[in-house]
Amino acid sequence: MTKERIIKWAKAAAVRAVKTLAQTAVATIGTTALINEVDWLTVVSASVLAAVLSVLTSVAGLPEVKETTEE
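Keep in mind it's a predicted model, so treat the numbers as computed, not measured. (Residues numbered from 1 in each chain as written. Predicted model: local features only at pLDDT ≥ 70, side-chain atom pairs only at ≥ 80, totals over all residues. Heavy atoms only, no water.)

Here's the deal with the environment of Gly61
Residue position: Gly61 is located in the segment after α2 (40–58). Take Gly61: its relative accessible area is 30%, and that puts it in the partly exposed class. Note: C-alpha distance between Gly61 and Ala13 (48 residues apart in sequence) is 9.3 Å. (Helix = DSSP H or I, 4+ residues; strand = E, 2+ residues; numbered from the N terminus. Buried < 20%, exposed > 50% of the residue type's maximum accessible area, 1.4 Å probe, protein only.)

Following this line, the structure appears as structure tokens:
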């Protein structure tokens, strides 16, 4: 894997992880607000966990980074 490809993958994985983090934060805030007051520790921990899982899932491959065969 070339350095350029690794950088491209890392950027795509980071974008996906940040989007996942934001989506999880919005969902968690909405859910906890309905139950009681917002527990920010729960929001942050769930969001960070979702971002980490997103990066780990990205290891399997990102459609944003096209597969090429190197000769």
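Quick word on the environment of Ala46
With respect to the helices and strands, Ala46 occurs in helix α2. Ala46 sits in the partly exposed class, given a relative accessible area of 27%. Remark: the alpha-carbon pair of Ala46 and Thr28, spanning 18 residues in sequence, is separated by 7.7 Å. Non-local contacts of Ala46, meaning those with residues more than four positions away in its chain, are made with Thr24 and Thr28. (Contact = heavy atoms within 4.5 Å.)

Read these as geometric descriptors, not functional statements.
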